[in-house]
Amino acid sequence: MSLLEVRRLTAGYASVPVVRDVSLSVERGELVALLGANGAGKTTTLLAISGLVSVYSGEIRLDAGSIAGLAPAQRARAGIQHVPEDRSLFPSLTVDETIRLACGARRPPKWVLEYFPALGELGGRRVAALSGGEQQMLALARALCRDPSLLIVDEMSLGLAPLVVNAFFPVLRRIAAERGCGVLIVEQHVHVALRWVDRVHVMAGGTMAASGTTDEMRPRIDELAGAYLGER
Ligand code: ATP
């Protein structure tokens with residue numbers, strides 16, 4: 001039984017489907033990447049899982065239970081945390097305030113900051129004064145405060161230097177393995193992702209073009225990149 005099972009999902013905006021018949025799964029302890037060119041439907045798929053866009057047909061199951069009828073806040077309570085592409089941090093809050101807000105005014109669980117020790121030094125710093133990498137750490141730490149069973153991260157690498165991107169992947173892998181949660185990411189850096197993720201789903205034109213384990217997909221990546229991922 002998968003942690004997350006999406007089956008034949010059709011979803012979109014204002015009655016217009018932009019993803020069609022998409023199936024994917026994420027297991028506990030697994031880091032999974034959703035790849036695809038701009039406009040392929042990756043963000044829409046993630047938003048549908050979190051309940052933030054309209055689903056027209058298909059199934060979304062978390063821990064074998066259907067969550068299709070649940071509001072976004074109920075899905076969050078069921079264990080889904082979503083770090084959106086823009087990270088949705090409040091620029092005027094400090095790092096400490098951001099974390100405390102996520103933890104219901106309590107201190108964060110100690111293990112959260114162990115994944116991002118650099119944040120420990122930045123407690124009084126305002127979000128607006130953080131680098132892109134620090135903001136991404138904070139967005140991830142805030143999501144972890146709820147101890148999610150499924151962590152969804154959209155375009156984690158957006159605006160980050162390659163060195164910083166490289167540093168995030170092992171942390172996500174550890175989070176998945178050590179916390180036993182599933183981590184589903186949308187990633188533009190295909191070759192970096194293939195070094196770290198367990199499984200890959202490739203979207204193109206709103207449908208699922210290919211899915212497989214990283215070992216299965218690695219030999220096909222040039223073919224897939226040419227066909228579906230644009231120039232990378
Ligand atoms: P990107 O890498 O550019 O974020 P993506 O693979 O995440 O691309 P989506 O953002 O899911 O793709 O977009 C898929 C399609 O849905 C695109 O054609 C886009 O124009 C359309 N779309 C996205 N957001 C909306 C919206 N709010 N209303 C209507 N159409 C939208």
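Note that the coordinates shown come from a computational prediction; the quantities given were computed from them, not determined experimentally. Note on numbering: residues in each chain are counted from 1, in written sequence order. At least 70 in pLDDT is required for a residue's local features to be given in this predicted model, at least 80 for side-chain atom pairs to be given and counted, and no such filter applies to totals for whole chains, interfaces and linings, which use all residues. Note that the side-chain values use all heavy atoms of the structure and ignore hydrogens as well as water.

Enquirer: Any chance you could explain the pattern of salt bridges here in plain terms?
Expert: Any two side chains of opposite charge can pair, given that their charged atoms come close. A carboxyl oxygen of Asp or Glu within 4 Å of a side-chain nitrogen of Lys or Arg is what we treat as a salt bridge. Enumeration over the complete set of coordinates arrives at nine salt bridges. Here Asp198 ties to Arg173 by a salt bridge, and the two come within 3.5 Å at their closest N and O atoms. Linking Asp198 in the loop between α8 (190–196) and β9 (199–204) with Arg173 in helix α7 (residues 162–179), this pair joins segments that are 25 residues apart in sequence. The partly exposed category is assigned to Asp198, whose relative accessible area is 25%. Taking the shortest distance from any N to any O, the salt bridge between Arg174 and Glu178 comes out at 3.1 Å. Linking Arg174 with Glu178, this pair stays in helix α7, spanning four residues, or about one helical turn. A 1.4 Å probe rolled over the protein chains alone gives each residue an accessible area, and that area as a share of the maximum for its type sets the label: buried under 20%, exposed over 50%, partly exposed in between. Look at Arg174 and you get partly exposed, because its relative accessible area is 38%. Judged by relative accessible area, which is 49%, Glu178 ranks as partly exposed. Helix numbers and strand numbers start at the N terminus; a helix is a DSSP run of H or I with at least 4 residues, a strand a run of E with at least 2.

Enquirer: What should I look at first to understand the sheet that holds strand β2 (residues 16–26) in this one?
Expert: Picture the strands of a sheet paired through backbone hydrogen bonds; they go either parallel or antiparallel. Paired strands, as defined in this entry, are two strands with at least two bridges between them according to DSSP. With antiparallel pairing, four strands are arranged side by side in an open sheet as β2-β1-β4-β5. The strands lining the two open edges of the sheet, one partner per strand, are β2 and β5 (65–66). Should any heavy atoms of two residues lie within 4.5 Å, those residues are counted as being in contact. Helix axes use the C-alpha atoms of the stretch in contact, all axes being lines fitted to C-alpha atoms, and the angles between their N-to-C directions lie in the range 0 to 180 degrees. Here helix α1 (residues 42–50) sits on the sheet and contacts β1 (4–13), β2 and β4 (54–62); the angle it forms with β1, its principal contact strand, is near 110°.

Enquirer: Is there a simple way to explain helix α3 (residues 95–102) in this structure?
Expert: An α-helical turn contains 3.6 residues, so any two residues separated by three or four positions project in the same direction. For α3, every residue scored as buried is listed here: Val95, Thr98, Ile99 and Ala102. End-on, the buried residues of α3 take up no more than an arc of 95°, which puts them together on one face. Along its buried surface, α3 packs onto α5 (117–120) and α6 (132–144). Directions from the helix axis toward the C-beta atoms define the arc.

Enquirer: Help me out: how do you make sense of the packing of α6 against α7 in this one?
Expert: The relative placement of two packed helices comes down to the angle between their axes together with the axis-to-axis distance. Between α6 and α7, the shortest axis-to-axis distance is 11 Å and the interhelical angle comes to 15°. With respect to α7, the element α6 is oriented roughly parallel. Crossing of α6 over α7 shows right-handed handedness. Of the residues in α7, those in contact with Gly133, Gln136, Met137, Leu140 and Leu144 of α6 are Val164, Phe168, Leu172 and Ile175. Residue polarity follows a fixed list, in which Ala, Val, Leu, Ile, Met, Phe, Trp, Tyr, Cys and Pro are nonpolar, Asp, Glu, Lys and Arg are charged, and the others, Gly among them, are polar. Per-class residue counts for the contact of α6 with α7 are seven nonpolar, two polar and no charged. Any angle that falls under 35 degrees is termed roughly parallel, while one over 145 is termed roughly antiparallel, one within 65 to 115 roughly perpendicular, and all others oblique. Two helices cross in a left-handed way if the nearer one is turned anticlockwise from the farther one by less than a right angle. They cross in a right-handed way if the turn is clockwise.

Enquirer: I'm lost on the state of the cysteines in this one. Help?
Expert: A covalent bond bridging the sulfur atoms of two cysteines is what the word disulfide describes. Here, the term disulfide refers to a pair of cysteine sulfur atoms separated by no more than 2.5 Å. Under the criterion given, the structure shown has zero disulfides. Cys145 forms no disulfide, and the closest cysteine sulfur to it belongs to Cys103, at a distance of 3.0 Å. The thiol of Cys181 is not disulfide-bonded; the next cysteine sulfur, from Cys145, is found 13 Å away. The buried category is assigned to Cys181, whose relative accessible area is 1%.

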